[in-house]
Amino acid sequence: MEAAVSQVTTAFSKPEDESTWTAMDKSLAFFTVSIQKVSPLVGVEALKRITKHITQSLLSPRSALQKTAITLLSTSASSLGPSFASQGMATEHLTSLLQLSAKASAVMVRLAWSGIASIVSDVGGTGMYPFAVLCCSELRKGSKASKPLRIICVDSVCCILEALRSNLVDGGRFIEVVQEVLRLAISDSANEVRDAGRRLFGEYSQLYTNQVDKFTSSLTPQHMKSLQIKPPPTVKPASNNSRDNNQETNSAKQLVREKQEQE
């Protein structure tokens with residue numbers, strides 16, 4: 001592992017340009033292979049030492065270098081599991097992937113999302129709370145944040161809930177963030193973001209079964225329509241005419257009874 005770290009450090013010690021891209025790419029590929037052969041503890045320490053180089057690669061103008069960095073992160077999360085989330089490392093790399101999805105091409109947005117989904121799934125939701133809060137913060141920006149970014153933020157929270165199905169203890173602390181993300185998503189101006197909100201609501205309904213009615217009762221009719229939920233039927237109060245008619249009917253019945261008694 002030391003050799004892999006050294007190779008990355010050497011490759012990235014020079015300014016990034018066309019003459020250094022190949023060496024950078026090869027060093028990250030070598031690191032990706034190496035991290036699969038070590039213990040989680042060793043792997044985490046090695047990743048910490050090259051974090052800034054991974055971030056540089058994700059934000060590089062060289063798409064091939066971006067792809068290699070995403071592959072490195074996905075492979076590392078798969079190999080290290082929950083250890084990948086230690087010391088805020090997962091959140092740091094996921095933040096870079098979000099930044100990438102905000103301004104990249106459609107192809108790179110898909111790659112960024114595949115990296116996020118892979119990391120969250122392999123980590124198992126552990127340590128994902130700061131990332132969920134970040135996604136919520138991005139959604140609060142509304143149209144100031146790009147549409148692909150907003151979609152990925154909602155889908156990321158949905159992915160976290162999927163990973164938390166087997167860990168309801170950790171899931172409990174996410175509920176307020178998830179509810180705000182839901183409200184933001186279903187009121188978004190873009191239909192694709194609202195679609196992502198409906199997917200999130202489906203996952204929310206499975207994880208927080210006991211909270212669904214309470215949550216939906218707090219929604220506006222417009223929000224309920226967006227989630228394709230029918231509002232509860234309203235009971236109309238009896239009209240004055242109806243009450244008057246009932247009184248007249250009762251009076252008539254009383255008169256008939258009295259006449260029968262007299263006869």
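See the structure printed just above.
The model shown is predicted, which means the values in this text are computed figures rather than measured ones.

Colleague: Can you help me understand the pattern of salt bridges in this one?
Modeller: One side chain can pair with another of opposite charge once the charged atoms of both are near each other. Using the criterion set out here, one finds eight salt bridges in the structure. Notably, a salt bridge pairs Lys141 with Glu138, separated by 3.3 Å at the nearest N-O pair. Under the relative-accessibility criterion, Glu138 is labelled buried at 15%. Put simply, Arg199 and Asp155 hold a salt bridge, and the shortest N to O gap is 3.1 Å. A residue pair is termed long-range when its members are at least 10 positions apart, and Arg199 in helix α12 (residues 191–207) and Asp155 in helix α9 (residues 147–163) qualify at 44 residues. Judged by its relative accessible area of 42%, Arg199 is partly exposed. Exposure remark for Asp155: the relative accessible area of 14% places this residue in the buried category.

Colleague: Would you explain the packing of helix α5 (residues 63–80) against helix α7 (residues 106–123) in this entry?
Modeller: If you want to describe how two helices pack, look at the angle between their axes and the distance between the axes. Orientation of α5 relative to α7, taken along the N-to-C sense of each, is 15°, at an axis distance of 8 Å. Classified by the angle their axes make, α5 and α7 are roughly parallel. Between α5 and α7 the crossing geometry is left-handed. Where α5 approaches α7, its residues Ser63, Gln66, Lys67, Ile70, Leu73, Ser74, Ala77 and Ser78 are matched on the opposing element by Met108, Leu111, Ala112, Gly115, Ser118, Ile119 and Asp122. Here the residues of the contact of α5 with α7 sort into seven nonpolar, six polar and two charged.

Colleague: Would you mind showing me how to read the nonpolar core here?
Modeller: The nonpolar side chains of soluble globular proteins are, as a tendency, buried together. In terms of nonpolar packing, the biggest core is built from 79 residues, with Phe31, Leu47, Phe84, Met128, Phe131, Leu200 and Tyr204 touching the most fellow members. A per-element tally of this core places α9 first, with eleven residues. Beyond its immediate stretch of four places on either side in the chain, Leu200 contacts Val154, Val157, Cys158, Leu161, Val178, Val181 and Leu182.

Cut-offs and rules
Residues numbered from 1 in each chain as written. Predicted model: local features only at pLDDT ≥ 70, side-chain atom pairs only at ≥ 80, totals over all residues. Heavy atoms only, no water. Salt bridge = Lys/Arg side-chain N within 4 Å of Asp/Glu carboxyl O. Buried < 20%, exposed > 50% of the residue type's maximum accessible area, 1.4 Å probe, protein only. Helix = DSSP H or I, 4+ residues; strand = E, 2+ residues; numbered from the N terminus. Axes fitted to C-alpha atoms, helices over the stretch in contact; angles between N-to-C directions. Parallel < 35°, antiparallel > 145°, perpendicular 65-115°, else oblique. Left-handed = near helix turned anticlockwise from the far one by under 90°. Contact = heavy atoms within 4.5 Å. Nonpolar A, V, L, I, M, F, W, Y, C, P; charged D, E, K, R; others polar. Core = buried A, V, L, I, M, F, W, Y, C linked by side-chain atoms within 4.5 Å.

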